[in-house]
Amino acid sequence: MLESGRFWWACCPPACPCSIPLPFRSQDAAMQTRLTRLLGIDHPIVLPGMTYIAVPSLVAAVCNAGGLGILASGALSPEECRAAIREIRSLTDKPFGVGCSLMLPGAADCARVALQEQVPLINVSMGKGEWVIEGAHAYGGKVIATISNEKHARSAIESGVDGLIVTGHEAAAHGGKVTSMVLIPAVRDMTDLPIIAAGGFADGRGLVAALALGADAVAMGTRFASSKESPVHADTKQLIVEKEAEETIYSSNFDTFPCRVMRTPGGRRFTARKLSPPVALSRSLAAARELNTPLASLAKDAMGQGLVGAVKVAYFGAATLAMRKAIHEANHVDGVQLIGQSQGLVHDVASVAEIIERVMAQAKAVTAGVSAALS
């Protein structure tokens, strides 16, 4: 347990659980875990690699505040990925990561760029990453795999990863069928590797709960998406603040994988029924044209996945444009905002530094209260 010392125990009002400043600073509430020791970071708080959101400026802001930021490479060409990595390094001297969803077009190339740039941490998902692990370990880098079920956890552990992001049902985008409350301890029973808990975490209470379940850190994608430094449109940030926890939709109709999105007109429309492959391909090509993605390269990467994989890539491409419209334009009729149930815990738009300070302060207070109750 963390020592309570001179700090008090405080319960924040239900309407805004972490809006009241507590009388201590985050540096006073030091918390060391397997993850902080592995990566040399100050706080067990992570910005996951959310496409179009985890951009260099937000990644660096989280790192400079003592957490771990993971760059989203899914929408980047290899050249853009290299430039983004170098931009992060110009903004912070702290450890950071690059996320690579290996099934997506261009992801393997971005992973190779991350290896060439000797990024401290590479976060792999949706594919076999043994070659990434071997490459990163060669220069002392670390690899963390994102998983959403026990089967994939076992596979990742056997592959030699250095840690896991365990994604529960509550998470934005591609969480699994099992809630964080159950999945995290189930995976902890398999391994002593550092675990980052994702899905339902947005404040200090969630951090303490995750630690009690066996995790070593929390990923707070929805909370950081609504931060001042986030590239998300201001109107969409305000929508996150206004929405309740239950106002999400969990469906596989959006991009063929079970995916959690905000309940909006666009969210309802895009999840109402499954798209046919021809419609998905048409939307994917439209997105590629709007994003100036070379179609020849896109087709090559897609066909490299085989027929089934190519169809899934087409669905991802079709989803891309809808995501951009919600994130960048606050268009929630033609757009879809990927969001977690923790939107119900977001009550304001705060700076990254303030969010992390609040989380650590509240975690300190909660820990002191639990310690007092147990004693």
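Just above sits the structure.
Bear in mind the structure is a predicted one, so any value in this text is a computation, not a measurement. Within each chain, residue numbers correspond to sequence positions counted from 1 in written order. Per-residue local features of the predicted model are confined to residues with pLDDT of at least 70, and side-chain atom pairs are confined, for both listing and counting, to 80 or more; whole-chain, interface and lining totals are unaffected and use all residues. To get the side-chain values, take all heavy atoms of the structure and skip hydrogens and water.

**Things to note about the overall build of the protein**
Part 1 of the reasoning: By definition, any uninterrupted DSSP run of H or I lasting at least four residues is a helix, any uninterrupted run of E lasting at least two residues is a strand, and each is numbered from the N terminus. The secondary structure content of the protein amounts to 15 helices and 10 strands.
Part 2 of the reasoning: Only protein chains enter the area calculation, which uses a 1.4 Å probe; residues under 20% of their type maximum are buried, those over 50% are exposed, and those in between are partly exposed. Counting only residues that meet the buried cut, the protein has 54% of its 375 residues in that class.
Part 3 of the reasoning: Working rule for contacts: check all heavy atoms of both residues, and any pair within 4.5 Å makes them a contact. Pairs at least 24 apart in sequence give 62% of the contacts found in the protein among residues at least 6 apart.
Part 4 of the reasoning: Looking at the protein as shown, the accessible area adds up to about 15,700 Å², and 55% of this sits on carbon and sulfur atoms. The Shrake-Rupley method, run with a 1.4 Å probe sphere, supplies the accessible areas, and residue values consider only the shown protein chains as cover.

**Observations regarding the side chain of T271**
Part 1 of the reasoning: Of note, T271 is situated in helix α11 (residues 265-271).
Part 2 of the reasoning: With relative accessibility at 10%, the residue T271 sits in the buried group.
Part 3 of the reasoning: Apart from the residues lying within four places of it in its own chain, the contact partners of T271 are I249, S251, N253, F254 and V261.

**Structural notes on the sheet that holds strand β5 (residues 142-147)**
Part 1 of the reasoning: Paired strands, as defined in this entry, are two strands with at least two bridges between them according to DSSP. Pairing in this closed barrel of 8 strands is parallel, and the strands run β1-β2-β3-β4-β5-β6-β7-β8 around the ring. Strand-to-strand, the axes of this sheet are offset by a mean angle of 25°, without reference to chain direction.
Part 2 of the reasoning: Pairing between strand β7 (residues 195-198) and strand β8 (residues 217-219): 3 bridges, direction parallel. By the bridge assignment for β8, A198 is matched with A219.
Part 3 of the reasoning: Axes here mean lines fitted to C-alpha atoms, for a helix over just the part in contact, with angles spanning 0 to 180 degrees between N-to-C directions. Each of β3 (97-101) and β4 (121-125) is contacted by helix α4 (residues 107-116), which is oriented at about 155° to β3, the strand it contacts most.

**Some remarks on the nonpolar core**
Part 1 of the reasoning: Core analysis: the largest hydrophobic core is formed by 78 residues, its most contacted members being I85, V98, F224 and F254.
Part 2 of the reasoning: Examining the composition of this core, we find that 7 residues originate from one element, helix α15 (residues 352-374), more than from any other.
Part 3 of the reasoning: Excluding its chain neighbours within four sequence positions, the residues that come into contact with F224 are I45, V46, L47, L58, V62, S230, V352, I355 and I356.
Part 4 of the reasoning: In plain words, nonpolar cores are sets of buried Ala, Val, Leu, Ile, Met, Phe, Trp, Tyr and Cys residues tied together by side-chain atoms within 4.5 Å. Within the second largest apolar cluster, 13 residues are counted, among which are L35, V46, L121 and A219.

**A closer look at a nonpolar patch on the surface**
Part 1 of the reasoning: Each patch groups residues whose relative accessible area exceeds 30% and which form no salt bridge, using 9 Å between like charges and 5 Å between nonpolar side chains of Val, Leu, Ile, Met, Phe, Trp and Tyr. What makes a salt bridge here is a side-chain nitrogen of Lys or Arg within 4 Å of a carboxyl oxygen of Asp or Glu, nothing more. Judged by side-chain polarity, V178, M181 and V182 come together as a nonpolar surface patch covering roughly 270 Å² of accessible area.
Part 2 of the reasoning: Its place among the elements puts V178 in the loop between β6 (163-167) and α7 (180-188).
Part 3 of the reasoning: Accessibility expressed as a relative area gives 33% for V178, which makes it partly exposed.

**Re the environment of G199**
Part 1 of the reasoning: Take G199: it is sitting in the loop between β7 and α8 (204-213).
Part 2 of the reasoning: Along the backbone, G199 and A172 are 27 residues apart, and their C-alpha atoms lie at a distance of 7.0 Å.
Part 3 of the reasoning: With near-sequence residues (within four places) excluded, G199 lies in contact with E170, A171 and S180.

**Comments concerning the pairing of strand β10 (residues 259-262)**
Part 1 of the reasoning: With burial as the criterion, each face of β10 is covered, one bearing C259 and V261 and the other bearing R260 and M262.
Part 2 of the reasoning: In this structure, strand β9 (residues 248-251) lies alongside β10, joined through 4 bridges in antiparallel fashion. From the neighbouring strand, I249 faces β10, where its bridge partner is V261.

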